[in-house]
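Single-letter residue listing:
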Amino acid sequence: MIQWKPVGEYIEPNWVKLGTALPPTLFWRPKHGAILGYIRDGELFDAKWLYVCDSNKVTDFSAINAPGDNIIDLDAHRTPA
């Protein structure tokens, strides 16, 4: 289950220090739904850094964990037919 937070709680990272290699965040826009991307300098960009909208049009966000050791191979858990 996604744990959404109000966008007012979002803290923009220090892009000078951290660069652009950060994982994208999931943002919610009421009229257009969710988008995976970044807020930088008050503007929302998608995960490929294409401009999406003014960040004031975003209401909620949710951090997304990058894939790691928690990935499960479903085929290993299926009962053979």
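Here the structure is a predicted model, which means the values were calculated and not measured. (Residues numbered from 1 in each chain as written. Predicted model: local features only at pLDDT ≥ 70, side-chain atom pairs only at ≥ 80, totals over all residues. Heavy atoms only, no water.)

1. What about the layout of surface pockets?
It is a probe the size of a water molecule, rolled over the atoms, that shows where empty space is left. As a reminder, the rule being used: Residues are said to line a cavity or pocket when one of their atoms sits within 4 Å of a point; the points come from a 1 Å grid over protein atoms alone, cavities being sets where a 1.4 Å probe fits but cannot get out and pockets being open sets with protein on both sides within 12 Å along at least five of seven lines. Grid points are joined across faces, edges and corners, and a volume is the space filled by probe spheres set on the points. Gly counts as polar in this scheme, as do all residues outside two lists: the nonpolar Ala, Val, Leu, Ile, Met, Phe, Trp, Tyr, Cys and Pro, and the charged Asp, Glu, Lys and Arg.
In this model, the largest pocket occupies a volume close to 170 Å³. Of the residues in the lining of the largest pocket, the class split is 8 nonpolar, 1 polar and 1 charged.

2. Concerning the sheet that holds strand 2 (residues 25-29)
Quick reminder of the rule: Strands qualify as paired when DSSP identifies two bridges or more between them. Helical segments are the DSSP runs of H or I of at least four residues, strand segments are the runs of E of at least two, and each set is numbered from the N terminus.
Strands sit in the order 1-6-2-3-4-5 across an open sheet of 6 strands; the sheet is antiparallel. Bordering the open sheet on either side are strand 1 (5-6) and strand 5 (51-54), each of which pairs with just one other strand. Sheet topology places strand 2 next to strand 3 (residues 33-40); 5 bridges connect them, and they run antiparallel. Counterpart to threonine 25 in the pairing with strand 3 is glycine 37.

3. A closer look at unusual backbone geometry
Despite not being glycine, aspartate 41 shows a phi value in the positive range, around 55°. Among the secondary structure elements, aspartate 41 is positioned in the loop between strand 3 and strand 4 (43-46). Positive phi is not limited to glycine here, since tryptophan 49 has a value of about 65°. With respect to the secondary-structure elements, tryptophan 49 resides in the loop between strand 4 and strand 5.

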